[in-house]
Amino acid sequence: PAILFAVRDIETRREAFGAGAVAALICITPALLFHITFVAGYPGIVEQTLPVYVMIGELGLGPLLALYVVGLFGTFIETGAGFIQGINERIDAYLIESRGLAMGKPARAAIAVVGIALSLALGSFGLIALIARGYGTIAWGFLAVYVVPVMSYGVYRIATHGGQAPGGEDRG
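Residues numbered from 1 in each chain as written. Predicted model: local features only at pLDDT ≥ 70, side-chain atom pairs only at ≥ 80, totals over all residues. Heavy atoms only, no water.

With respect to the overall build of the protein chain
Alright, step 1. Scanning the protein chain from terminus to terminus reveals five helices and zero strands.
Alright, step 2. What you see in the protein chain, going N to C, is helices and strands ordered as α-α-α-α-α.
Alright, step 3. By the burial criterion, 12% of the 172 residues in the protein chain qualify as buried.
Alright, step 4. When the accessible surface of the protein chain is summed, it comes to about 12,700 Å², and 73% of that surface belongs to carbon and sulfur atoms. (Helix = DSSP H or I, 4+ residues; strand = E, 2+ residues; numbered from the N terminus. Buried < 20%, exposed > 50% of the residue type's maximum accessible area, 1.4 Å probe, protein only. Areas by Shrake-Rupley, 256 points an atom, 1.4 Å probe, with all protein chains shown as cover.)

Laid out in C-alpha cells, this is it:
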C-alpha cells in the first residue's frame, strides 16, 4: 500500500486489472516455488525461523546462500525506500490538495530521516522478534492507514464522481 504513488499513471480499469494480474504473478511465483521446496524438509522446516535460509544452507551452496542474503537485505532497503517515498507522496498530495503548495525538499528529507531513525530503533529488537511480534501490529496499522481510507473516502470519491476523476476525465 505504501507504493500506491506508483500507480498514478494507470488510467483505465483494464490497465488496473492488467497491472494487478501481472504484479500478482510476479510476486506469487517465487513464493510458490520456495514453498514447494519446503516439502523436502517437512516437518522440521516448519519450526525454522528462516526456512528459506535453512533450505539453501542444506544444499551446501555457499554462493547461493550469499546471494539470498544480499537479496533479502536488498528487499529490506527497497521496501524501506518505497515506504518512505509513499509517505512523502501522500503528505505532498494532501498539502497540494488542501493548501495548494507542494512539500519542499527539506520536509521530504526530514521525513526520510525520521523513517530511518524509526527503522533503526525497530531494528534493535532483532529481525526474528520483529517479525514474530510486529507483523500483526503492522497489519492493523496498514488497515487503519491505507485500507480504511481507500475503502471509505476512495469509494465515496468514486461514487460521487460517477466513474470520473475529479478533473472530469473518464477513468472507466
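Some words on the pattern of salt bridges
Alright, step 1. What the rule picks out here adds up to two salt bridges.
Alright, step 2. Here Glu97 and Arg157 are joined by a salt bridge, their closest N and O atoms 3.9 Å apart. Of this pair, Glu97 sits in helix α3 (residues 62-99) while Arg157 is found in helix α5 (residues 127-160), placing the two residues 60 residues apart along the sequence. (Salt bridge = Lys/Arg side-chain N within 4 Å of Asp/Glu carboxyl O.)

So, the side chain of Glu89
Alright, step 1. Mapping Glu89 onto the fold places it in helix α3.
Alright, step 2. Look at Glu89 and you get buried, because its relative accessible area is 16%.

Side note on the packing of helix α2 (residues 51-59) against α3
Alright, step 1. Look at α2 against α3: their axes get within 8 Å of each other, and the N-to-C directions meet at 160°. Considering their axes alone, α2 and α3 lie roughly antiparallel with respect to each other. Our pair here, α2 against α3, has a crossing hand that is right-handed. On the side of α2, the interface is formed by Val52, Tyr53, Ile56 and Gly57, while α3 contributes Leu64, Leu65, Tyr68 and Val69.
Alright, step 2. In terms of residue class, the contact of α2 with α3 is built from seven nonpolar, one polar and no charged. (Axes fitted to C-alpha atoms, helices over the stretch in contact; angles between N-to-C directions. Parallel < 35°, antiparallel > 145°, perpendicular 65-115°, else oblique. Left-handed = near helix turned anticlockwise from the far one by under 90°. Contact = heavy atoms within 4.5 Å. Nonpolar A, V, L, I, M, F, W, Y, C, P; charged D, E, K, R; others polar.)

Here's the deal with the environment of Ile87
Alright, step 1. One can find Ile87 in helix α3.
Alright, step 2. Exposure remark for Ile87: the relative accessible area of 26% places this residue in the partly exposed category.
Alright, step 3. With 28 residues separating them in the primary sequence, Ile87 and Gly115 have C-alpha atoms 9.5 Å apart.

Overview of the nonpolar core
Alright, step 1. Formed by Phe38, Ile45, Val52, Met55, Ile56, Leu65 and Tyr68, the largest nonpolar core amounts to seven residues.
Alright, step 2. Secondary structure elements with two or more residues in this core: α2 and α3.
Alright, step 3. The biggest single contributor to this core is α2, with three residues.
Alright, step 4. Beyond its immediate chain neighbours, meaning those up to four positions away, Tyr68 contacts Val52, Tyr53 and Ile56. (Core = buried A, V, L, I, M, F, W, Y, C linked by side-chain atoms within 4.5 Å.)

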